[in-house]
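Fold and geometry: a report
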Amino acid sequence: VSRLIGPAWVAVIAGGVAAVAITGRFATRSRSAAATAQSELALVAKEAQELVTLRAAAASPAARHASAGLAQRVGAALTRAGLPASCLSSLSPEAHSVVAMTDGQPRLTRQRATLVLTSLTLPQLGAFLDAWRSGEPEWTVTGLDVSPAAGGSAVQSTGGDLPLRVVLALESVSVEEPVPESLSPVSSLLRTTSRGHP
Amino acid sequence: VLSLELRTLRSAALPASAIRAGPDAALALSSLLASWPGRVPNKPQSLMLNGSGMTIGVTVEGDPAPFLRAFKAPAGWTQEEPHLNTAGSVTRVNLQLRPAGATP
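Here is what the cut-offs are and how they apply
Residues numbered from 1 in each chain as written. Chains lettered and ligands numbered in written order. Predicted model: local features only at pLDDT ≥ 70, side-chain atom pairs only at ≥ 80, totals over all residues. Heavy atoms only, no water. Phe/Tyr/Trp six-rings, centres within 6.5 Å; stacked < 30°, edge-to-face > 60°. Helix = DSSP H or I, 4+ residues; strand = E, 2+ residues; numbered from the N terminus. Buried < 20%, exposed > 50% of the residue type's maximum accessible area, 1.4 Å probe, protein only. Pairing = 2+ DSSP bridges. Patch = residues over 30% accessible without salt bridge, like charges linked within 9 Å, V, L, I, M, F, W, Y side chains within 5 Å. Areas by Shrake-Rupley, 256 points an atom, 1.4 Å probe, with all protein chains shown as cover. Salt bridge = Lys/Arg side-chain N within 4 Å of Asp/Glu carboxyl O.

Further remarks concern the packing of aromatic side chains. What the rule picks out here adds up to four aromatic pairs over all chains. Consider the rings of F128(A) and W132(A), whose centres lie 6.1 Å apart with planes at 20°: the pair is stacked. With F128(A) and W132(A) both in helix 3 (residues 122-135) and four residues apart, the pair spans about one turn of that helix. Relative accessible area serves as the criterion here: at 0%, F128(A) is assigned to the buried category. Each ring, one from W36(B) and one from F71(B), has its centre 5.8 Å from the other, and the planes form 80°; the classification is edge-to-face.

Another aspect to go through is the pairing of strand 4 (residues 140-148) of chain A. Buried residues dominate strand 4 of chain A, accounting for seven of its nine residues. Note that strand 4 of chain A and strand 1 (residues 43-50) of chain B share three bridges and pair antiparallel. Bridge assignment links L144(A) to a residue of strand 1 of chain B, and that residue is L49(B).

A grouping of I5(A), W9(A), V12(A), I13(A) and V17(A) is seen on the molecular surface, where their side chains present a nonpolar patch of about 530 Å² in accessible area. In this structure, V12(A) sits in helix 1 (residues 2-58).

Shown next as structure tokens:
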């Protein structure tokens, strides 16, 4: 029996080493496969996030045509700011300037307008800018020219009650042709994913 | 399929991100008013803000030095040397401010 113990231990050790070698090889392969899968998962997750962002940008209010009804928009902002319509001295929209695009891309247009408000105080100007900024996010006030209104009282030569004449330069950039829904083959997949991961 | 739609959306999004409206002048006005030296006597005469900077015209009775000491450019703006024109006891101060980092 004692003669068999040595070879038996050798056989056990050899078997153990072989088992460790085999499982180690599988473990190495599995680790490599897991790393690859993790990197692919990270890439797909990143692309999915980018896709959601791009789709949201394509459907955002800024991407829609913003120039229609500018006079009504200004009137509504004056009303929200509590200013009388008589404050509106002039509104001069300029023609759309089309930004050249290559085929297959949406056509971007830029529109500018000049708005002149008169006989309003500095706090009223702030109220109008606040109303405009919150109500018309697609239009940016890119220029302001503030000066005392002509014919103002000589006594009110300074202070918050001084009537002002304000010239505002407005500008918007809009997309004529948003990306159509038909170009979104994974939209159903995204909807399913977003339901699963709120 | 994901890559296809991404390519389509990227091609559509690149021009929109490249072309933007100018900087918001309302924010610049807000920062200017917040830093305005209201405790020093002065009479603002004109104020122009656009993408290239601000131009401010102010008249001051007597010595303009207290106003110039009190006026500080808002954060993110740099002030150029003021222009002074005196007629009698009134001095007109013209201030030019530019966005920090912008070249005159």
